[in-house]
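Now for the letters of each chain:
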Amino acid sequence: MAIRSFFRVQVLSTPVSDLIRRLTVALLIATIFLAGIQLRRWIGDTTRHVRYQHDIVNGFYWGSEVLKEAHRLSPDEASANSWQGFCRGYLALYDRVKHKAYEKDYHLDYPPLRLLVMAIWAKQVRDGFPGVDDGHPKLVNPLLKINFVCELLSAVAIFLLVRLCVRRSSLGARSSLLHRFSQEQRASIFGLAAASVAWLEPSMILDAHGWPQWDVWILPFYLFAALAALKNRWFWCGCLVAAGAMLKGQLLFVAPFFVFWPLWQKRWTSTLRVLAGFAATSALIASPWLLRTPASWIAIAAVAGISLPVFLKYKVPHGSAWLAGIIGCAVFVIGVFTRGSFAWLQVGFIYGTEHYPYLFISSCYNLPSLLSKVGWSLKESFLSADLGFVHLHLTLQWTLRLLYLASLALCAHGLARHLRDRDPRVLIAIAAPWLLMFALLGQMHERYLMWGAVVSAVALGVSIRLTVVHFVISLASTAMIVHVMLVDKKLDATLPAIDALKHIRPYGSVVVLACVAVYMWNTFSTRLPVFQHREVRPGATPSVSLGPEPEEA
């Protein structure tokens, strides 16, 4: 009854009732926010005895290696401890690791921005604890605070996504509780519900504060990139994807989704703007390695000096985006011809795809896990044929990758159609790439379903059935993370739980695949007219297209 009275639409609105309603909403948001903080603290305290320390030690080790490299390249102690010395060590580490590696086994698989964060953290720790051992780093709280900020930003992004898509939708809500609300009010309510579920997502909290890991860092970049695409800010969409990938390379697996999206809408210039933003941001971050000589910087200045007058003279639409993209591409080309270093690419990205040559890592509920049960391996030949002078040899690894890429293209196609039909299932299409990545690709860690579990919270803005599927995915993601954390310590009290989680893995794989199939069906299926929601009355809600906004200036 309290919920009904809270959501009841007032026939005669007064300033006092509006104030009370706003205060109640603010109190509800504050309660959910504080509950999330308390839950994170409780998870952190409760899981101390099973905390997965390896990732903390690994991050601190490579951050300390940056500081050691700074000391090696600096003439004295004062210079080594300065920020100039820190930068020298940071920029030189990739080359040193590459040159000293045995048979290309680098051990380091951190992209540039992630290595930078770990190096700054290690510097802060060593400034406070000069003699700290690499195996027992102190003050992990700064990294946990970054996790917290990224979790909060992800919840805010989900609120904005759900509110935008429900507000633009032409389909009325089925909820008897909310049928009297306007489209704008329902959009905010559904957005708040989805954001609350994402904020309290157990697998994300366990991953970020119980494990802890740094997987959550890339979630805000993906979600805000999707929001930028919906708002037709394609250049900024590419920028966000590139920046996020420089923190964790797994974001590159879902990056093609933002290329397929405008392609299915036959908006070729939008695709190019995504690529321009991606190239410009990647080049900006990698330029210290690529442009190491004065000649390379002079060449870049020449490219900019020639291109800028052309765009100014002809007043090319989106000229700043095209100029940034051209300069970004020029940075990579000039880096090749001036012998710039690409060790950051080899060590930080390519090595990660070869580091674990297995169908799955640890405990995964996905298709590769089921394939391993019947004897398949990652590098096993799936198809071999002679086509004239060409010998075709397709491994299971590349078969799964091609299957995933085709599914990703279908997601983008379904999203384009849902945008055209003003269908809120566009939210499901945005969540599907992360679920497909975990379900189909090999070499997945159990933690990677966490991304899909968080993003699929947008289902609260679509239907109850898909919301239930989201909670099943969330449960599976949490179970896998708990399993690995318990196996790492193997305490006597946790052995029964470990055995139970081990035996349900095949069944969990089937359940997760079924959930992903439901999301995929809702991504590219078309509602029959007889099963569609009734159109919202013109007088009750605004008629807003779910299509992209007008071209950005």
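Residues numbered from 1 in each chain as written. Predicted model: local features only at pLDDT ≥ 70, side-chain atom pairs only at ≥ 80, totals over all residues. Heavy atoms only, no water.

**Focus: the packing of aromatic side chains**
Then step 1. Within this structure, the stated rule accounts for 22 aromatic pairs.
Then step 2. With a centroid separation of 5.3 Å and 70° between ring planes, the pair formed by Tyr 106 and Tyr 351 is classed as edge-to-face. Of this pair, Tyr 106 sits in the loop between α5 (83–100) and α6 (112–128) while Tyr 351 sits in helix α17 (residues 343–354); the two residues are 245 residues apart in sequence, bridging distant segments of the chain. For the pair formed by Tyr 106 and Tyr 351, the shared burial category is buried.
Then step 3. Members of the aromatic cluster, connected to one another through ring pairs, are Tyr 222, Trp 234, Phe 257, Phe 258, Trp 261, Trp 434, Tyr 448 and Trp 451.
Then step 4. The aromatic ring of Trp 398 is capped on one face by Arg 401, whose charged end is 4.7 Å from the ring centroid.
Then step 5. Its end group placed over the ring of Trp 211, Arg 447 keeps NZ or CZ at 5.3 Å from the ring centre. (Phe/Tyr/Trp six-rings, centres within 6.5 Å; stacked < 30°, edge-to-face > 60°. Helix = DSSP H or I, 4+ residues; strand = E, 2+ residues; numbered from the N terminus. Buried < 20%, exposed > 50% of the residue type's maximum accessible area, 1.4 Å probe, protein only. Lys NZ or Arg CZ within 6 Å of the ring centre and 35° of its normal.)

**Quick word on unusual backbone geometry**
As a rule of thumb, non-glycine residues mostly have phi less than zero, and peptide bonds are mostly trans rather than cis.
Then step 1. Following Trp 211, the chain continues to Pro 212 via a peptide bond in cis, the omega torsion being -20°.
Then step 2. Tracing the backbone shows Pro 212 in the loop between α9 (202–210) and α10 (219–230).
Then step 3. A positive phi angle, close to 55°, is found at Glu 103, a residue other than glycine.
Then step 4. Tracing the backbone shows Glu 103 in the loop between α5 and α6.
Then step 5. Its relative accessible area of 65% is what places Glu 103 among the exposed residues.
Then step 6. Backbone geometry at Arg 339 places phi at a positive 60°, although glycine is not the residue there.
Then step 7. Along the chain, Arg 339 falls in the loop between α16 (319–337) and α17.

**Brief notes about a nonpolar patch on the surface**
Then step 1. On the surface, Ile 464, Val 468, Val 472 and Val 511 cluster together to form a nonpolar patch covering roughly 350 Å² of accessible area.
Then step 2. Of all the elements, helix α22 (residues 464–489) adds the most residues to the nonpolar patch, at 3 residues.
Then step 3. Relative to the helices and strands, Val 511 is located in helix α24 (residues 505–524). (Patch = residues over 30% accessible without salt bridge, like charges linked within 9 Å, V, L, I, M, F, W, Y side chains within 5 Å. Areas by Shrake-Rupley, 256 points an atom, 1.4 Å probe, with all protein chains shown as cover. Salt bridge = Lys/Arg side-chain N within 4 Å of Asp/Glu carboxyl O.)

**Focus on the packing of α10 against helix α13 (residues 257–264)**
Then step 1. Between α10 and α13, the least distance of the axes is 11 Å, while the angle of their chain directions is 15°. For the element pair α10 / α13, the angle class is roughly parallel. Crossing angle aside, the handedness with which α10 passes α13 is right-handed. Two secondary-structure elements touch here, α10 through Tyr 222, Ala 225, Ala 226, Ala 229 and Leu 230 and α13 through Phe 257, Phe 258 and Trp 261. (Axes fitted to C-alpha atoms, helices over the stretch in contact; angles between N-to-C directions. Parallel < 35°, antiparallel > 145°, perpendicular 65-115°, else oblique. Left-handed = near helix turned anticlockwise from the far one by under 90°. Contact = heavy atoms within 4.5 Å.)

**Some points on the packing of helix α7 (residues 141–168) against helix α8 (residues 183–199)**
Then step 1. For the pair α7 and α8, the least separation of the axes is 7 Å and the interaxial angle reads 150°. One finds that α7 runs roughly antiparallel with respect to α8. The hand of the α7/α8 crossing is right-handed. For the pair α7 and α8, the contacting residues are Phe 148, Glu 151, Leu 152, Ala 155, Ile 158, Phe 159, Val 162, Arg 163, Val 166 and Arg 167 in the first and Gln 183, Glu 184, Arg 186, Ala 187, Ser 188, Phe 190, Gly 191, Leu 192, Ala 194, Ala 195, Ala 198 and Trp 199 in the second.
Then step 2. Across the contact of α7 with α8, the residue classes tally to 14 nonpolar, 3 polar and 5 charged. (Nonpolar A, V, L, I, M, F, W, Y, C, P; charged D, E, K, R; others polar.)

**Focus on the pattern of salt bridges**
Between side chains of opposite charge, a pair can form when the charged atoms approach closely.
Then step 1. For the coordinates displayed, the defined rule picks out 13 salt bridges.
Then step 2. Close ionic contact of Arg 292 with Asp 95 constitutes a salt bridge, the shortest N to O distance being 2.7 Å. In this pair, Arg 292 sits in the loop between α14 (268–290) and α15 (294–314) while Asp 95 sits in helix α5, placing the two residues 197 residues apart along the sequence.
Then step 3. Residue Arg 292 is classed as partly exposed on the basis of its relative accessible area of 43%.
Then step 4. A network of salt bridges, in which partner residues are shared, links Glu 65, Lys 68, Glu 69, Arg 72 and Arg 96.

**A look at the environment of Ile 430**
Then step 1. You can see Ile 430 is positioned in helix α20 (residues 426–440).
Then step 2. Spatially, the C-alpha atom of Ile 430 lies 9.8 Å from that of Leu 227, the residues being 203 residues apart in sequence.
Then step 3. Sequence-distant contacts of Ile 430, that is, excluding residues within four places in its chain, are made with Leu 161, Tyr 222, Ala 226, Leu 230, Phe 257, Leu 415 and Val 455.

**Observations concerning the side chain of Ser 79**
Then step 1. Secondary-structure assignment places Ser 79 in helix α4 (residues 77–81).
Then step 2. We classify Ser 79 as buried; its relative accessible area is 18%.
Then step 3. Beyond its immediate chain neighbours, meaning those up to four positions away, Ser 79 contacts Ser 74, Gly 85 and Arg 88.

**Some details on α9**
Each full turn of the α-helix corresponds to 3.6 residues, which orients residues three or four apart in the same direction.
Then step 1. Among the 9 residues of α9, 8 are classified as buried, and the element is accordingly described as predominantly covered.
Then step 2. Those residues of α9 that are buried lie in contact with α2 (15–46), α7, α8, α10, α21 (449–455) and α22.

By themselves, these are just geometric observations and shouldn't be taken as functional.
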